[in-house]
Amino acid sequence: SGPSTGDLAAADKEYAAGNYFQAQNLYEEYLRQKPDGKARLHAWDRLLDISVAHNDRRRAASLMESMLLEFSDDSRVYNSLLRRLAVTYQDLRDWDRAQDAWQKLLTQSDPNTANQWEIHWRIGKIYQYQGQYAQARDSLANCAAAAPDTELKARCLYDLAQTQTLLKEREKARTSLNQLLALSIDDQELRAQAAFLLADIYEFEGDLKKTRELLTSILQTYPNPLAVKRRLEALGR
């Protein structure tokens, strides 16, 4: 094969023309021929772009796994790949591998970074999907603690409260929801959903006055106002 730039230029040309099959062969050839090539990341990225264009998530995941091995020393490339891989596995509903990738990212990243909350949140959601509510609760509590602003904290607290409710930890769920409702957030729909969930807890505890107050407060903001009206009628306002 000719000089590496030639191979790559030919590959880029095919890629630009949308001839993905030819481009893919040329990029793969470059990676085989040039173990120390300067443009390896470029070639890998293009192969990844092609698999995404073909909507082949499995292939994308396996390419990223190979790339992680090659770029393990370059933390910027490695972390951004790992994050992308975690999302890809999540899209594939391959929960165990997604979980594994998010956990790895958690150990890689600085605990003070602004995106720590999101890693905890995603791990928590995966545990939720799998019905592992105790693990979900712990991750979502970490999410609420790490959230860099009130809107995100509210998001974490709501999911935490849902999980606590599923675990029948009503006392703790009530605390989480009251904490959420004490925050000043713009997301009125989330506020309303939190109040609706809290009303459930108060009704279960037999505090109908508090239940009515909460439901009345969200008549205008709850996504399904009819559900709120019905609940109020059932309580006999």
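Residues numbered from 1 in each chain as written. Predicted model: local features only at pLDDT ≥ 70, side-chain atom pairs only at ≥ 80, totals over all residues. Heavy atoms only, no water.

Chemist: What's the story with the state of the cysteines in this structure? I'm lost.
Modeler: Here, disulfide denotes a covalent bond that connects the sulfur atoms of two cysteines. As enumerated under the stated definition, the model contains 1 disulfide in all. Covalent S-S linkage joins Cys-143 and Cys-156, the inter-sulfur distance amounting to 1.9 Å. With the S-S dihedral at roughly -45°, the linkage between Cys-143 and Cys-156 falls on the left-handed side. Residue Cys-143 is located in helix H8 (residues 133-146), and its partner Cys-156 is located in helix H9 (residues 150-166); the two are separated by 13 residues in the primary sequence. We note that Cys-143, like Cys-156, is buried. (Disulfide = S-S within 2.5 Å. Helix = DSSP H or I, 4+ residues; strand = E, 2+ residues; numbered from the N terminus. Buried < 20%, exposed > 50% of the residue type's maximum accessible area, 1.4 Å probe, protein only.)

Chemist: What exactly am I supposed to notice about the packing of aromatic side chains here?
Modeler: To describe a pair of aromatic rings, you give the distance between the ring centres and the angle between the ring planes. Applying the stated rule across the entire model yields 5 aromatic pairs. Residues Tyr-15 and Tyr-20 carry aromatic rings whose centres are separated by 5.5 Å and whose planes lie at 35° to one another, so their mutual orientation is tilted. On the accessibility criterion, Tyr-15 (18% relative accessible area) is buried. Overall, Tyr-20 belongs to the partly exposed group, its relative accessible area being 25%. (Phe/Tyr/Trp six-rings, centres within 6.5 Å; stacked < 30°, edge-to-face > 60°.)

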